Amino acid sequence: MKKLKFRNGDTMDAIGLGTWKSEKGEVTKAVKTALNNGYKHIDCAATYGNEAEVGEAFSEIFNNGKVKREDVWITSKLWNNAHKQEDVIPALKQTLKDLQLDYLDLYLIHWPVAFKPDVGFPEKAEDFLSLEEVPLIETWNEMVKAKEQGLVKHIGVSNFSIEKLKDLMAETDQIPEMNQVELHPYLQQNKLLEFCSKNGINVTAYSPLGSGDRPDEMKAADEPSLLENPVINKIAKKHGGSPGQILIKWSEQRGTAVIPKSTNEDRIKQNLMSAGYQLDEDDMKEIADLDYHFRYVNGKFFEMEGNSYENIYND
Ligand code: A2P
């Protein structure tokens with residue numbers, strides 16, 4: 001499997017286990033299955049509401065000594081209600097406590113969007129704080145402090161457009177090390193990948209399989225299926241793999257990290273085995289033609305009349 005390299009030489013396995021939407025009652029087993037079957041990269045976030053259950057898996061696996069903490073890359077993300085200077089490090093410490101860890105390998109600002117501290121998920125315009133009230137640089141400077149304090153080894157962002165990255169980079173010499181974004185054949189993000197590559201920013205692909213298990217209110221009625229796409233299915237047949245494996249391999253082969261979510265033992269195993277396939281030039285060309293800028297996670301749930309968030313992705 002490919003590894004992504006960070007500026008200090010640290011490396012991260014390209015394929016990791018995603019935990020967004022993993023039910024509390026299933027995620028402990030899923031993470032244990034992953035770590036017992038060769039995964040060395042687990043992606044978490046405070047807002048997934050399951051970090052304590054993920055932490056139970058870490059505690060059990062690391063304590064029985066079969067897998068060492070230092071051999072696993074663990075990412076988590078700062079939720080939007082903790083962007084204020086005084087809230088960043090306490091939120092990180094809560095995540096470390098829940099995950100039963102001393103440090104994270106990577107900590108990301110989850111969205112370039114801020115909420116009031118007591119808001120879990122916003123329902124009205126007043127639930128937000130504007131980026132004038134809490135500038136992203138204020139949040140970022142605390143992320144830098146967290147790294148200096150040894151609470152996290154690397155810091156980055158998620159859901160940042162090129163514009164948002166540029167704005168942040170204009171105000172700091174601590175360039176984000178990662179941008180985690182939605183990325184799959186329907187949203188190939190070529191311009192963003194080029195920008196990130198030029199600036200030494202690694203990229204992680206989320207929703208690589210189309211996140212079909214999202215809540216209904218986050219779904220468009222007529223959204224296309226990635227797993228049922230005829231081109232993906234044809235290529236899967238050609239290589240003797242599953243459509244999911246082709247989608248995961250495509251991201252890995254393009255040099256990004258990719259974090260398919262599964263709580264199913266067979267699919268957890270097969271997703272890691274995607275690395276063993278090799279897509280040829282024809283496959284890559286055919287998949288390149290599938291790009292039509294479709295987002296499954298379109299950020300519209302943060303755009304409300306009367307708040308200051310409009311067109312979060314600048315597209
Ligand atoms: P399950 O957890 O039952 O395996 P994404 O990573 O894009 O958010 O997609 C996650 C969804 O894809 C979940 O519904 C998950 O279900 C399903 N899934 C995970 N791996 C595969 C696979 N190899 N083939 C088909 N569906 C998969």
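Residues numbered from 1 in each chain as written. Predicted model: local features only at pLDDT ≥ 70, side-chain atom pairs only at ≥ 80, totals over all residues. Heavy atoms only, no water.

Chemist: A description of the overall build of the protein chain should follow, citing residues and the corresponding values.
Modeler: Scanning the protein chain for helices and strands turns up ten helices and twelve strands. Since a compact globule built from 315 residues should have a radius of gyration of about 20 Å, the 19 Å found for the protein chain is in line with a globular shape. Considering only C-alpha atoms, the protein chain reaches an extent of 55 × 45 × 35 Å along its principal axes. The buried share among the 315 residues of the protein chain stands at 55%. Excluding contacts between residues fewer than 6 apart, the proportion of contacts in the protein chain whose partners are at least 24 apart in sequence is 74%. Working note: accessible area of the protein chain is about 13900 Å², and carbon and sulfur atoms make up 46% of it. (Helix = DSSP H or I, 4+ residues; strand = E, 2+ residues; numbered from the N terminus. Rg over C-alpha atoms; globule rule 2.2 N^0.38 Å. Buried < 20%, exposed > 50% of the residue type's maximum accessible area, 1.4 Å probe, protein only. Contact = heavy atoms within 4.5 Å. Areas by Shrake-Rupley, 256 points an atom, 1.4 Å probe, with all protein chains shown as cover.)

Chemist: Break down the site of the ligand for me, with residues and values.
Modeler: Residues in contact with the ligand amount to 16 residues; listed here are only the nearest, Ser-211, Lys-261, Ser-262, Arg-267 and Asn-271. Here an oxygen atom of the ligand and a side-chain polar atom of Ser-211 are 2.6 Å apart. Measuring from an oxygen atom of the ligand, one finds a side-chain N or O atom of Arg-267 at 2.6 Å. Looking at the shell around the ligand residue by residue, the class counts come to four nonpolar, eight polar and four charged. (Near = heavy atom within 4 Å. Polar contact = N/O pair within 3.5 Å; in protein donor to acceptor, adjacent residues only side chain to side chain. Nonpolar A, V, L, I, M, F, W, Y, C, P; charged D, E, K, R; others polar.)

Chemist: If you had to explain the side chain of Asp-283 to someone new, which residues and values would you point to?
Modeler: Here Asp-283 shows up in helix α10 (residues 281-288). Residues within four places of Asp-283 in sequence aside, it is in contact with Ile-235, Lys-238, His-239 and Gln-278.

Chemist: Help me get a handle on the environment of Ile-287, residues and values and all.
Modeler: Position of Ile-287 relative to the elements: it lies in helix α10. The sequence separation of Ile-287 and Gln-188 amounts to 99 residues, and the corresponding C-alpha distance is 9.5 Å.

Chemist: Lay out the packing of helix α7 (residues 230-239) against helix α8 (residues 243-253) with the relevant residues and their values.
Modeler: Interhelical geometry of α7 versus α8 gives an angle of 95 degrees and a closest axis separation of 8 Å. Taken together, the axes of α7 and α8 lie roughly perpendicular to each other. Every residue of α8 that contacts α7 at Ile-232, Asn-233, Ile-235, Ala-236 and His-239 is listed here: Pro-243, Ile-246 and Leu-247. The residue inventory of the contact of α7 with α8, partitioned by class, reads six nonpolar, two polar and no charged. (Axes fitted to C-alpha atoms, helices over the stretch in contact; angles between N-to-C directions. Parallel < 35°, antiparallel > 145°, perpendicular 65-115°, else oblique.)

Chemist: Describe the pairing of strand β10 (residues 178-182), with residues and values.
Modeler: Summarising burial for β10: five of the five residues are buried, a large majority. In terms of strand pairing, strand β9 (residues 152-158) meets β10 through two bridges, oriented parallel. Residue pairing for β10: Ser-158 is matched across the bridge by Gln-180. You can see the chain leave β9, run along helix α5 (residues 162-169) and come back into β10, and the turn it takes is right-handed. Looking at chain direction, β10 and strand β11 (residues 202-206) are connected through five bridges and run parallel. Pairing of Gln-180 across the sheet is with Thr-204, part of β11. Regarding the hand of the β-α-β motif, the stretch spanning β10, helix α6 (residues 190-198) and β11 is right-handed. (Pairing = 2+ DSSP bridges. Right-handed = clockwise from strand over helix to strand, strands pointing away.)

Chemist: Tell me about the packing of aromatic side chains, and please be specific about residues and values.
Modeler: Throughout the structure, instances matching the rule amount to 17 aromatic pairs. Relative to Trp-73, the ring of Phe-6 lies with its centre 4.8 Å away and its plane at 25 degrees, an arrangement referred to as stacked. Of this pair, Phe-6 sits in the loop between β1 (3-5) and β2 (11-13) while Trp-73 sits in strand β5 (residues 73-78), placing them 67 residues apart in sequence. Taken individually, Phe-6 and Trp-73 each receive the classification buried, so the pair is uniform in this respect. Counting every residue linked through ring pairs, the aromatic cluster contains Trp-79, Trp-111, Phe-115, Phe-121, Phe-128, Phe-301, Phe-302, Tyr-309 and Tyr-313. A cation sits over an aromatic face here: Arg-69 above Tyr-103, 4.0 Å from the ring centre. Sitting over the ring of Tyr-103, Lys-153 keeps its end group 4.7 Å from the ring centre. (Phe/Tyr/Trp six-rings, centres within 6.5 Å; stacked < 30°, edge-to-face > 60°. Lys NZ or Arg CZ within 6 Å of the ring centre and 35° of its normal.)

Chemist: Account for the pattern of salt bridges, with residues named and values stated.
Modeler: Should the charged atoms of two oppositely charged side chains come close, the side chains can pair. According to the stated counting rule, one finds 17 salt bridges in the structure shown. Between Lys-145 and Glu-142 there is a salt bridge whose closest N-O contact spans 2.8 Å. With Lys-145 and Glu-142 both in helix α4 (residues 136-148) and three residues apart, this pair spans about one turn of that helix. Of the charged contacts in the structure, one is a salt bridge between Glu-223 and Arg-214, with a shortest N-O distance of 2.4 Å. Using a relative accessible area of 2% as the deciding quantity, one classes Arg-214 as buried. (Salt bridge = Lys/Arg side-chain N within 4 Å of Asp/Glu carboxyl O.)

Chemist: Provide a residue-level description of the packing of α7 against α10, including the pertinent values.
Modeler: The contact between α7 and α10 brings their axes to 10 Å, and the two run at 165 degrees. As the angle between them shows, α7 and α10 are arranged roughly antiparallel. The two elements α7 and α10 cross, and the hand of that crossing is left-handed. Between α7 and α10, the contacting residues are Val-231, Ile-232, Lys-234, Ile-235, Lys-238 and His-239 on the first element and Asp-283, Glu-286 and Ile-287 on the second. Here the contact of α7 with α10 is composed, by residue class, of four nonpolar, one polar and four charged. (Left-handed = near helix turned anticlockwise from the far one by under 90°.)

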